[in-house]
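Listed below are the residues making up each chain.
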Amino acid sequence: MENYLPFLIMLGVAMLVAVGGLAISAIVGPKRFNRVKVENYECGIDPTPSAGDHGRFPVKYYLVAMTFIVFDIEVVFLYPWAVSFGTLGLFGLGAAFFFIALITVPFIYEWRRGGLDWD
């Protein structure tokens, strides 16, 4: 049990900070609600006025999300590969090429759809 004592102390402090922060913000925080604050926010797109109006999201919304995945998450997955490149051998090289080829497909799609244009 003594091996787990530092972990349990850290867990207790983390819970205390999380619950304490929520409690203090509920007590001290301003409570001025208006129509704009309680309205749903949909990532910069005006919320739909009613449930029956099913407007389409612009494609640009999804292209920004795809840009994040292609450029940021790809780098996160390639870091461990780069660190252990010497020990992986030919299998690691093939897996990396396969991963990059798989990521290239959405990149080309986004490029053709105009996701990389600054307009």
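Conventions used here
Residues numbered from 1 in each chain as written. Predicted model: local features only at pLDDT ≥ 70, side-chain atom pairs only at ≥ 80, totals over all residues. Heavy atoms only, no water. Helix = DSSP H or I, 4+ residues; strand = E, 2+ residues; numbered from the N terminus. Buried < 20%, exposed > 50% of the residue type's maximum accessible area, 1.4 Å probe, protein only. Contact = heavy atoms within 4.5 Å. Areas by Shrake-Rupley, 256 points an atom, 1.4 Å probe, with all protein chains shown as cover. Patch = residues over 30% accessible without salt bridge, like charges linked within 9 Å, V, L, I, M, F, W, Y side chains within 5 Å. Salt bridge = Lys/Arg side-chain N within 4 Å of Asp/Glu carboxyl O. Phe/Tyr/Trp six-rings, centres within 6.5 Å; stacked < 30°, edge-to-face > 60°. pLDDT = per-residue confidence, 0-100. Expected span 1.5 Å × (residues − 1). Bend = angle between axes of the 7 residues up to and from the residue.

**Topic: the overall build of the protein**
Across its full length, the protein carries 4 helices and 0 strands. The N-to-C order of helical and strand elements in the protein reads α-α-α-α. Burial status across the protein gives 8% buried among its 119 residues. In the protein, once contacts between residues fewer than 6 apart in sequence are set aside, the share between residues at least 24 apart is 54%. Accessible surface for the protein amounts to roughly 10500 Å². Of this, 72% is attributable to carbon and sulfur atoms.

**Thoughts on a nonpolar patch on the surface**
There is a patch of nonpolar side chains on the surface, built from M1, Y4, F7, L8, M10, L11, M15 and V19 and spanning about 910 Å² of accessible area. Mapped onto the fold, Y4 is located in the segment before α1 (5-28). Under the relative-accessibility criterion, Y4 is labelled exposed at 55%.

**Points about the packing of aromatic side chains**
Aromatic ring pairs are described here by two measures, namely the spacing of the ring centres and the angle between the planes. Within the structure shown, the criterion is met by 3 aromatic pairs. A centroid spacing of 5.1 Å and a plane angle of 70° characterise the contact between W81 and F85, whose relative ring orientation is edge-to-face.

**Looking at the confidence of the model for the protein**
Of the residues in the protein, 82% have a pLDDT of 70 or more, and the chain-wide mean is 80. By mean pLDDT, the top-scoring element of the protein is α1 (95), and the lowest-scoring one is helix α2 (residues 35-38) (74).

**Quick notes on helix α4 (residues 85-113)**
The end-to-end C-alpha separation of α4 is 34 Å, well short of the 42 Å expected for 29 residues at 1.5 Å each. Its maximal kink placed at F91, α4 deviates by approximately 75°. For α4, the set of buried residues is G92, A96, I103 and E110. Where α4 ends, the next residue or the one after it, G114, has phi of about 95°, a positive value.

**A look at the environment of R113**
Secondary-structure assignment places R113 in helix α4. Given a relative accessible area of 46%, R113 falls into the partly exposed group. As a C-alpha pair, R113 and K60 span 53 residues in sequence and 8.9 Å in three-dimensional space.

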